[in-house]
Amino acid sequence: MFSLPVYPSPDYLTLAGLACGAVLLDTWLGEPRRWHPLVGFGWLASSLEKWLNPLSRQTLRGQYISGIVGVLLLVLPPMLAIVLLMKLSVWLALALHVYLLYFAIGHRSLHQHGMAVYHALQANLFQDAQVATSYMVSRDVEAIEPVSATIESVLENGNDSVFGALFWFFVAGGPGALAYRLVNTLDAMWGYKTPRYFYFGWAAARLDDVLNYIPARLTAITYALLGHTRLAWQSWRSQASLWDSPNAGPVMSAGAGALNVQLGGRARYHGEWHERPRLGTHTPPTAEDIPRALQLVRNGMLSWLMVALLIGGLAYA
């Protein structure tokens, strides 16, 4: 029989419906402009890192252990609090499921950032396009090539801020989406291969790799099925392993093939040029490929929701 969900065992059809509600909420409201929870979480993570990671008096092993402790302190308490709150009331559990996926997903924000670059390029404002792209990538602003950098960010963040959050929501409800987003944020803050973060950020980076392993490959499959399928499969098979990230490789190579464009190549980070593998085909991307990349992510998100509703309906029947 159909029943309202009480965490940790929600009815799947209800969970799929809640996912649709969260996506609609994101489409309507976007990310909070004030009092964004991730801003407070980022401040807390930064403060904790300064306390746990004093490089002047810490061994390499100490940095590893401190990084693990930092991840546990920042992720487990919110998870425990949410699970306890969900046990208080069915209706509170429903509301929290929706809110936590809305908190974790970032489709509207991704679309807005991508279109800001596109509109600047349409107006021949190249420097404005570079600045708009810098909000999406961590490259040196004056060396950014806006078109390819934006498409790369859209494809990769399609996994990080859309499909990954949906996957863990379908696996573990709102708490799953929350844990995924928090770990993803810690990886973005601590996952750098610099002297300060190389060892301390190891736990956050590896945990993010684990949580993204299945979502990244499902995202790559989604891109392939909704774009130039044959080119996407070929690019994924031959190029994914060349990329330095085990999860970004499949996502970006399949996405580039699906769009029939070439991505990758030289990029400058913190004053240093990096030679990255070429991904996709031999067709240089144009500004018009930015909306195409955004549409690929949007169509994928809607497809996931429809499949989830179908599976939930079959399970209910």
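Analysis parameters
Residues numbered from 1 in each chain as written. Predicted model: local features only at pLDDT ≥ 70, side-chain atom pairs only at ≥ 80, totals over all residues. Heavy atoms only, no water. Helix = DSSP H or I, 4+ residues; strand = E, 2+ residues; numbered from the N terminus. Rg over C-alpha atoms; globule rule 2.2 N^0.38 Å. Buried < 20%, exposed > 50% of the residue type's maximum accessible area, 1.4 Å probe, protein only. Areas by Shrake-Rupley, 256 points an atom, 1.4 Å probe, with all protein chains shown as cover. Lys, Arg positive; Asp, Glu negative; His and termini not counted. Charge placed at Lys NZ, Arg CZ, Asp CG, Glu CD. Axes fitted to C-alpha atoms, helices over the stretch in contact; angles between N-to-C directions. Contact = heavy atoms within 4.5 Å. Nonpolar A, V, L, I, M, F, W, Y, C, P; charged D, E, K, R; others polar. Parallel < 35°, antiparallel > 145°, perpendicular 65-115°, else oblique. Left-handed = near helix turned anticlockwise from the far one by under 90°. 1 Å grid on protein atoms, 1.4 Å probe; cavity = no way out; pocket = protein on both sides within 12 Å on 5 of 7 lines; lining within 4 Å. Points joined across faces, edges and corners; volume = space filled by probe spheres on them. Arc of directions from axis to C-beta. pLDDT = per-residue confidence, 0-100. Pairing = 2+ DSSP bridges. Expected span 1.5 Å × (residues − 1). Polar contact = N/O pair within 3.5 Å; in protein donor to acceptor, adjacent residues only side chain to side chain.

A. Local environment of the overall build of the protein chain. Within the protein chain one finds eleven helices and two strands. Helices and strands in the protein chain line up, N terminus first, as α-α-α-α-α-α-α-α-α-α-β-β-α. Here the C-alpha atoms of the protein chain give a radius of gyration of 20 Å, agreeing with the 20 Å that 2.2 N^0.38 yields for 317 residues. Relative to its 317 residues, the protein chain shows a buried fraction of 52%. As presented, the protein chain carries roughly 15,500 Å² of accessible surface, and 64% of it is formed by carbon and sulfur atoms. Distance from the positive charge centre (21 side chains) to the negative charge centre (19 side chains) of the protein chain: 4 Å.

B. Highlighting the packing of helix α8 (residues 202-226) against helix α9 (residues 229-239). At a minimum axis distance of 7 Å, the contact between α8 and α9 shows a crossing angle of 145°. Judged by residue contacts, R217, A220, I221, A224 and L225 of α8 engage T229, A232, W233 and W236 from α9. Here the contact of α8 with α9 is composed, by residue class, of seven nonpolar, one polar and one charged.

C. Geometry of the environment of G300. Here G300 shows up in helix α11 (residues 289-316). Considered as a pair, G300 and G17 are 283 residues apart in the sequence and their alpha carbons are 17 Å apart. Contacts of G300, omitting those with residues within four sequence positions, involve F163, T222 and L226.

D. Quick peek at the packing of helix α1 (residues 12-29) against helix α4 (residues 90-104). The geometry of α1 relative to α4 is characterised by a closest axis approach of 8 Å and an angle of 50° between their N-to-C directions. As far as their axial angle goes, α4 and α1 are oblique. Both α1 and α4 take part in a crossing whose hand is right-handed. Across the interface between the two elements, T14, L15, L18, A19, G21, A22, L25, D26 and L29 of α1 pack against L94, H97, V98, L101 and Y102 of α4. Grouping the constituent residues of the contact of α1 with α4 by class yields ten nonpolar, three polar and one charged.

E. Molecular detail of the layout of surface pockets. One number sums up the size of the second largest pocket: a volume of about 310 Å³. Lining the second largest pocket are 14 residues, and of these L218, T222, S303, W304 and V307 lie nearest its centre. Classifying every residue of the lining of the second largest pocket gives twelve nonpolar, two polar and no charged.

F. Examining α9 more closely. For α9, the full list of buried residues reads L231, A232, S235, W236 and Q239. Angularly, the buried residues of α9 cover 130° about the axis, an arc narrow enough to put them on a single face. Among the exposed residues of α9, those pointing more than 90 degrees away from its buried face are R230 and R237. Tucked into the core, α9 has its buried residues touching α8, α10 (248-259) and β2 (272-280).

G. Highlighting unusual backbone geometry. One non-glycine residue with positive phi stands out, namely N124, at about 60°. Within the secondary structure layout, N124 lies in the loop between α5 (107-122) and α6 (126-134). A relative accessible area of 70% means that N124 is categorised as exposed.

H. Local environment of the environment of Y199. Relative to the assigned elements, Y199 resides in the loop between α7 (146-190) and α8. On the basis of relative accessibility, which here comes to 23%, the residue Y199 falls in the partly exposed class. Residues in contact with Y199, not counting those within four places in the same chain, are L60, Q63 and Y64.

I. Just the confidence of the model for the protein chain, in detail. Of all residues in the protein chain, 96% attain a pLDDT of 70 or more, and the chain-wide mean is 91. Low pLDDT, under 50, characterises residues 1-6; the stretch is placed with 17 contacts to residues that sit more than four places away or in other chains.

J. The pairing of strand β1 (residues 262-269), seen in detail. By the bridge criterion, seven bridges tie β1 to β2 in an arrangement that is antiparallel. Each bridged residue has a counterpart across the sheet, and for Y269 the counterpart in β2 is E272. Taking the residues between adjacent antiparallel strands as the criterion, β1 and β2 are bridged by two residues, where H270 takes a positive phi near 50°.

K. Structural detail: α1. The end-to-end C-alpha separation of α1 is 25 Å, in line with the 26 Å expected for 18 residues at 1.5 Å each. Residues of α1 that are buried: T14, L15, A16, L18, A19, C20, A22, V23 and D26. Residues of α1 that are buried sit in contact with α4, α5, α7 and α11. Capping the start of α1 is the job of one residue whose side-chain oxygen sits 3.1 Å from the backbone nitrogen of L13: D11. At the C-terminal side of α1, G30 shows a positive phi close to 70°.

L. Representation of empty space enclosed by the protein in the model. One pass over the structure, following the stated rule, counts one cavity of 30 Å³ or more. Looking at the largest cavity, its volume works out to about 70 Å³. Of the residues that constitute the lining of the largest cavity, the class distribution is six nonpolar, two polar and three charged.

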